[in-house]
Amino acid sequence: MLCTVLGTVLGVLVALYGLFELHYFLRMCLCVVSARFLKKRMHILDTSSVVGLCLTNDIDTLLYHMNNARYLREVDFARVDFYERTSLYRTIRSKGGSVVQGATTIRYRRFIRPFTRFTISSKIVYWDNQSIFMEHRFIGGTDGFIHCIALCRQRVMQCSVEDVMATLLKSGLSLQQPTVMSAGSTKRTAPTTSSTEFLDKAEAGTGGGTLEPAVSLSKPDLPPEVSKWLEWNEISSASLRSEG
């Protein structure tokens, strides 16, 4: 009986690995659980960091560095971590929208060797009304060298990116309550206000307290490399449309 059960379980596992890349889905679930329940929340304009390790199933046929395709796979896990910790994905879904990968460009600078640790830093560098642009850097664990850099365009559908980002900027500000000082007293926290009211006061420089300059209220300027990349995308799209 025991042999039958073990044989069935083994057969199911083999079938799952044959039909799906099972460890990819398991690791993705682990990333979501870790980011949602174990890691600190982040402001939408903060930079997230996740640690990776190049293993034997990550290397290419030359056997001495990470497979080029694995970099984009690792970016998937880093992006999910960012989505969860900033509530970006949940905010998009709450507004009836969805998000897909619209475009990616990646530049390799130096090999990542087997059994080498690295960190992927992720941040939003720009957005327009339809897309969010993220930068991902693969940083060496010992020397801090940037081994690879990727730009990704996240296409948001059925809702406005500007609306999503405004909501997240406001919710991030509402977590930072101003400090009120009164004569002959110590610091105390001001009463909680709505995110919209707090944002209006912060922009006006009022509210009876001081706002720590940790959170930026402004949209990032369009980086020149992203501008050129967008230009290339438009040229490529026009060329493909002309082909019918």
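Please read these numbers as outputs of a predicted model, since none were measured by experiment.

Enquirer: Would you mind going over the overall build of the protein chain with me for this structure?
Expert: A tally of regular secondary structure across the protein chain gives seven helices and seven strands. Across the 244 residues of the protein chain, 35% fall into the buried class. A separation threshold of at least 6 residues defines the contact pool for the protein chain, and within that pool the share at least 24 residues apart is 70%.

Enquirer: Looking at this model, I keep getting lost on the confidence of the model for the protein chain. Mind explaining?
Expert: Low-pLDDT stretches of the model should not have their predicted coordinates read in fine detail. For the protein chain, the mean per-residue pLDDT works out to 84, and 81% of the residues sit at or above 70. Mean pLDDT across the elements of the protein chain ranges from a minimum in strand β7 (residues 188–189), with 38, to a maximum in strand β4 (residues 131–140), with 98.

Enquirer: Teacher, can you tell me more about the pairing of strand β1 (residues 48–53) here?
Expert: Two faces belong to every sheet, and in a regular strand the side chains alternate between them. Taking every second residue as pointing to the same face, the buried face of β1 carries Ser48, Val50 and Gly52, while none of Ser49, Val51 and Leu53 on the other face is buried. Summarising the sheet, β1 and strand β3 (residues 117–127) pair through six bridges and their orientation is antiparallel. By the bridge assignment, Ser48 is partnered in β3 with Ser122.

Enquirer: Explain a nonpolar patch on the surface here, please?
Expert: A contiguous nonpolar patch, built from Met1, Val5, Val9, Val12, Leu13, Leu16, Tyr17, Leu19, Phe20, Phe25 and Leu26 and spanning about 1100 Å² of accessible area, is present on the exposed surface. Sorting the residues of the nonpolar patch by element identifies α1 (2–19) and α2 (22–38) as the ones contributing at least two each. If one sorts the elements of the nonpolar patch by residue count, α1 sits on top with seven residues. Position of Met1 among the secondary structure elements: in the segment before α1. For Met1, a relative accessible area of 81% puts it in the exposed group.

Enquirer: Looking at this model, I keep getting lost on α2. Mind explaining?
Expert: With 17 residues, α2 extends 23 Å between its outermost C-alpha atoms, agreeing within 8% with the 24 Å of an ideal straight helix rising 1.5 Å per residue. Residues of α2 that are buried: Leu22, Tyr24, Met28, Cys31, Ser34 and Ala35. Turning to α2, the residues buried within the fold contact α1 and α3 (68–86).

Enquirer: Explain α3 to me, please; I cannot follow it from the model alone.
Expert: For an α-helix the count is 3.6 residues per turn, leaving residues at separations of three or four pointing the same way. For α3, spanning 19 residues, the distance from its first C-alpha to its last is 28 Å, which sits close to the expected 27 Å at 1.5 Å a residue. Most of α3 is tucked away, with 15 of its 19 residues classed as buried. Among the residues of α3, the N-terminal cap falls to Asn67, whose side-chain oxygen and the backbone nitrogen of Ala69 are separated by 2.8 Å. Where α3 terminates, the next one or two residues include Ser87, which has phi positive at roughly 65°.

Enquirer: Please explain unusual backbone geometry as it appears in this structure.
Expert: Excluding glycine, residues mostly carry a negative phi; peptide bonds, for their part, are mostly trans. The backbone of Leu63 shows a phi angle near 70°, a positive value even though the residue is not glycine. Its place among the elements puts Leu63 in the loop between β1 and α3. Note on Leu63: relative accessible area 58%, which makes it exposed. Despite not being glycine, Gln158 has its phi angle at roughly 70°, a positive value. With respect to the helices and strands, Gln158 occurs in the loop between β5 (146–157) and α5 (161–174).

Enquirer: So what exactly am I meant to see when it comes to the nonpolar core here?
Expert: Counting 18 residues, the largest nonpolar core has Ile44, Phe82, Leu88, Ile124 and Ile132 as its most contacted members. If you list the elements that add at least two residues to this core, you get α3, α4 (88–94), β3, β4 and α5. Discounting residues that sit within four places of it in the chain, Leu88 has contacts with Ile44, Phe82, Tyr83, Ile132, Val164 and Leu168. Residues Cys54, Phe118, Phe138 and Cys152 belong to the second largest nonpolar core, which totals 13 residues.

Enquirer: Would you mind going over the environment of Ile120 with me for this structure?
Expert: Mapped onto the secondary structure, Ile120 falls in strand β3. Here Ile120 is in contact with Ser48, Ser49, Val50, Glu74, Val75, Ala78, His136, Arg137 and Phe138, once residues within four sequence places are set aside.

Enquirer: Can you help me understand the packing of aromatic side chains in this one?
Expert: Given two aromatic rings, their pairing is described by the distance between the two centres and the angle made by the two planes. The tally for this structure, following the rule as stated, stands at nine aromatic pairs. Taken together, a centroid distance of 5.0 Å and an interplanar angle of 70° make the contact between Tyr71 and Tyr108 edge-to-face. One end of the pair, Tyr71, is in helix α3; the other, Tyr108, is in strand β2 (residues 98–108), and 37 residues separate them in sequence. Judged by relative accessible area, which is 3%, Tyr71 ranks as buried. Each member of the aromatic cluster is reached from another via a ring pair, and the members are Tyr71, Tyr108, Phe118 and Phe138. The ring centre of Phe145 lies 3.6 Å from the NZ or CZ of Arg110, which sits over that ring.

Rules behind the numbers
- Residues numbered from 1 in each chain as written.
- Predicted model: local features only at pLDDT ≥ 70, side-chain atom pairs only at ≥ 80, totals over all residues.
- Heavy atoms only, no water.
- Helix = DSSP H or I, 4+ residues; strand = E, 2+ residues; numbered from the N terminus.
- Buried < 20%, exposed > 50% of the residue type's maximum accessible area, 1.4 Å probe, protein only.
- Contact = heavy atoms within 4.5 Å.
- pLDDT = per-residue confidence, 0-100.
- Pairing = 2+ DSSP bridges.
- Patch = residues over 30% accessible without salt bridge, like charges linked within 9 Å, V, L, I, M, F, W, Y side chains within 5 Å.
- Areas by Shrake-Rupley, 256 points an atom, 1.4 Å probe, with all protein chains shown as cover.
- Salt bridge = Lys/Arg side-chain N within 4 Å of Asp/Glu carboxyl O.
- Expected span 1.5 Å × (residues − 1).
- Polar contact = N/O pair within 3.5 Å; in protein donor to acceptor, adjacent residues only side chain to side chain.
- Core = buried A, V, L, I, M, F, W, Y, C linked by side-chain atoms within 4.5 Å.
- Phe/Tyr/Trp six-rings, centres within 6.5 Å; stacked < 30°, edge-to-face > 60°.
- Lys NZ or Arg CZ within 6 Å of the ring centre and 35° of its normal.

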